[in-house]
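Observations on the model geometry
The residues making up each chain are set out below.
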Amino acid sequence: MAAISTGTYTAAGVSPILQYRNSCLRITSARFKIASAAATTGRSTNSLGQQPPTVPMSNNSITDSTELERTTTLIMKDFMEWSKDMIASGSDGGPPRWFSPLDCAAPMEDSPLLLYLPGIDGVGLGLIKHHKRLGRIFNIWCLHVPVTDRTSFSDLVYLVEATVRSEHHHAPRRPIYLLGESFGGCLALAVAARNPHIDLALILANPATRLRESQLENLITLSEVIPEQLHPSMVKLLSVTTAVPARVAVAIPGSGHPLQQAVAELFRGDVAFSSYLSVLADVLPVETLFWRLKILKSAASFVSSRLHAVRAQTLVLSSGKDHLIPCPEESEKLRKVLPNCEIRRFNNSGHALLLEADFNLITVIMGANFYRRGRHLDFVRDFVPPSTSEFDSVYQPYRWMEVAFNPVMISTLENGNIVRGLTGIPSEGPVLLVGYHMMLGLELVPLVSRLWNEHKIVLRGIAHPLMFKRLREGKMPVLSMYDDYRFMGAVPVSATNFYKLLSSKSHVLLYPGGMREALHRKGEEYKLFWPEQSEFVRMAARFGAKIIPFGTVGEDDIGQMLLDYDDMMKVPYLKALIEELTGEVEKLRYDTEGEISNQDVHLPIILPKVPGRFYFYFGKPIETAGRKEELKSREKAHELYLEVKSEVERCIDYLKEKRENDSYRNIMARLPYQASHGFDSEVPTFEI
């Protein structure tokens, strides 16, 4: 039988996780319940713990730095209380063990396993803010290392490795996620280096893989030289933000003030980090803390020599204001060394990233397309619709567009009546919206947000591959720039993805004109650049999808093009830049001739105007149900294709004419109305 004990590891035929579960049965307290309590909720049988106190955590409620600090403090209060209870309940000792929080939601079918590997606190509650949402898409196990445990780093690696191998044997086609925070990042990388044949996905939050030149190394060195009677004060030193140079910290004992008071005066701000470290000061014995600092040093050394062996897909979460570890520099090093590594940067965050109020782990994972339930990412099957709070948090930076462009939307009912709003768009899919792509795709934000806010419809866009991958590194914007689009369900253009979306009865957004239409030239406003042959009609008919042609107008009211593609290609430097950018991304429609095939990557120079208004007109839904056999004919399919194209052009012409009668077309006319009626009020427009 497998056994894990202090400082020892043995492997045998019984799954090690069963042994850990048995050790969990010794944990009893008012706050934590054993596995039998979890069974009544229908959750995994190794669960313990109850739902923590309610804390306002939705990002859309965060309005300023004061509110962020207050909310972060509440989250940290829960974290500290739970940590104290967990440590107290585990005071009888025992080996490291796994637990699943009861406040995690029941996971979806075939959800992958996520093993959370904590920092040097070892409590395992670092995901307390994310339990519920993560629990819907993962089967979560958190590692808890009791305060009296003295297991070495190598034996912790063996412990996690045993679980990984056991669970891989149980479900070999399913990935296993290792979410390592700080010290846990070293643990995750070490396990990945030793198991390159297992499908692992690593999420590393400020991994402590580089102690050189870090404040933490200075603190560890300081802890080794100061007298033992000052060790308790060292714990307090570690419980505040190390935001000043280490030489200042070293000078504190000679300042003439009590050490704790001097440190408190010097280190202010970064509430999440200072509160997190206060857990170490309040609940960890001094000898435990120094033991874990010691194994942290050995962990960093262990991992640095084995990074070359890591083959796992990796996502590094890097904080820009981590005063403990030089995360930006280390994340770049990991990206260059690891073969399949991406970085997401959080410039205003500190070391305790996962406990910050404005950080949403789910939006990061989904936006990076890092969630999958099989060997390969399935853009349709693996997509998880956002919650209302998650959508609001992603949409928040774009709300200004609602005020600036104040979109007018009208749609057509099945009986042909034109109505204000989106009532004419069917709520049940499959539905295919086919329309005109305005300059730079500026219509996307109001289109996606209105469908969500009014009908809770997630619009799945068929997008250019440049949003998902690069053929090589160069001057293209980083992929994280497109995380919001991917989070909202955008998929790379392909027949397979189109087929899967329609078969799943989704609402799909298609722009046949693609990049050529969205990056048009001077004088080409509202001109369609569609392929000669139909590309979507027969696929829509196969699933009986309703096709909704739509037009959008307004780009000429917000900007005037100064330099277009033709102008830029006359400048040698800009021409070379366009050719370089185009070579970094996958090019579409190699087999197509004419203008539609010219989809070079460039950014036209546009002079902004005092904003006008956006207008959307959704035509009458075109039924394809029951026409599958009819539309197998290329001629019939092409006729319907031309009908859709003609309807889009009609919608555009209708809007161009009607907007001339809109007295609130200009923002200067709208602002007084909104000021008196409220900025959320509906501003009048032309008569239908």
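Residues numbered from 1 in each chain as written. Predicted model: local features only at pLDDT ≥ 70, side-chain atom pairs only at ≥ 80, totals over all residues. Heavy atoms only, no water.

The name given to the chain in an unreviewed UniProt entry is Serine aminopeptidase S33 domain-containing protein, and the organism recorded there is Solanum pinnatisectum. Word for word, the UniProt comment on the chain under Sequence similarities (unreviewed entry) is "Belongs to the diacylglycerol acyltransferase family." (UniProt positions renumbered as here; feature names shortened; annotations may be inferred.)

The next subject is the overall build of the chain. Secondary structure summary: the chain contains 25 helices and 20 strands in total. Taken across its 688 residues, the chain has 57% of its residues classed as buried. Long-range pairs, those at least 24 residues apart, make up 81% of the contacts in the chain with a sequence separation of at least 6. Accessible area for the chain stands at about 28800 Å²; split by element, carbon and sulfur atoms hold 52% of it. (Helix = DSSP H or I, 4+ residues; strand = E, 2+ residues; numbered from the N terminus. Buried < 20%, exposed > 50% of the residue type's maximum accessible area, 1.4 Å probe, protein only. Contact = heavy atoms within 4.5 Å. Areas by Shrake-Rupley, 256 points an atom, 1.4 Å probe, with all protein chains shown as cover.)

Soluble, globular proteins show a tendency: their nonpolar side chains are buried together. Within the largest apolar cluster, 112 residues are counted, with the highest numbers of intra-cluster contacts made by Leu317, Leu433, Phe536 and Phe618. If one sorts the elements of this core by residue count, helix α24 (residues 634–658) sits on top with nine residues. Residue contacts for phenylalanine 536: discarding those within four places in its chain leaves Leu432, Val434, Phe498, Leu510, Pro512, Trp530, Ile547, Tyr641 and Val644. Residues Val145, Phe153, Ile325 and Leu338 belong to the second largest nonpolar core, which totals 47 residues. (Core = buried A, V, L, I, M, F, W, Y, C linked by side-chain atoms within 4.5 Å.)

Another point: the sheet that holds strand β11 (residues 408–412). The eight strands are arranged β12-β11-β20-β17-β13-β16-β14-β15 in an open sheet whose pairing can be described as mixed. Two strands bound the open sheet, and with one partner strand each, they are β12 (418–420) and β15 (491–492). Two elements, strand β14 (residues 459–463) and strand β16 (residues 507–510), share three bridges in a ladder whose sense is parallel. For glycine 461, the partnering residue across the bridge sits in β16 and is leucine 509. Against the sheet, α24 contacts β11, β12, β13 (431–435), β17 (546–553) and β20 (615–618), and its axis sits at roughly 35° relative to β17. (Pairing = 2+ DSSP bridges. Axes fitted to C-alpha atoms, helices over the stretch in contact; angles between N-to-C directions.)

For strand β9 (residues 313–319), the tally of buried residues reaches seven of seven residues, placing the bulk of the element in the interior. On β9, burial covers both faces: Gln313, Leu315, Leu317 and Ser319 on one face and Thr314, Val316 and Ser318 on the other are all buried. Across five bridges, strand β8 (residues 200–205) lies against β9 in parallel orientation. Bridged to leucine 202 within β9 is threonine 314. Where β9 and strand β10 (residues 341–346) come together, six bridges link them in parallel fashion. Opposite threonine 314, over in β10, you have cysteine 341 as the bridge partner.

Attention now moves to the pattern of salt bridges. For the structure on display, the rule yields 32 salt bridges. Between arginine 174 and aspartate 110 there is a salt bridge; the shortest N-O distance is 3.8 Å. Of this pair, arginine 174 sits in the loop between α5 (153–170) and β7 (176–181) while aspartate 110 sits in the loop between β4 (97–101) and β5 (113–117); the two residues are 64 residues apart in sequence, bridging distant segments of the chain. The residue lysine 469 makes a salt bridge to glutamate 586 at a minimum N-O spacing of 3.2 Å. Within this pair, whereas lysine 469 is found in the loop between β14 and α18 (483–487), its partner glutamate 586 is found in the loop between α23 (572–583) and β19 (605–608), the two being separated by 117 residues in sequence. The class for lysine 469 is partly exposed, based on a relative accessible area of 43%. Residue glutamate 586 is classed as partly exposed on the basis of its relative accessible area of 31%. What emerges from the salt-bridge pattern is a single network uniting Asp110, Arg174, Arg373, Arg381 and Asp382. (Salt bridge = Lys/Arg side-chain N within 4 Å of Asp/Glu carboxyl O.)

A complete count under the given rule lists zero disulfides for this structure. Residue cysteine 142 stays outside any disulfide, its sulfur separated by 6.7 Å from that of cysteine 104, the closest cysteine. (Disulfide = S-S within 2.5 Å.)

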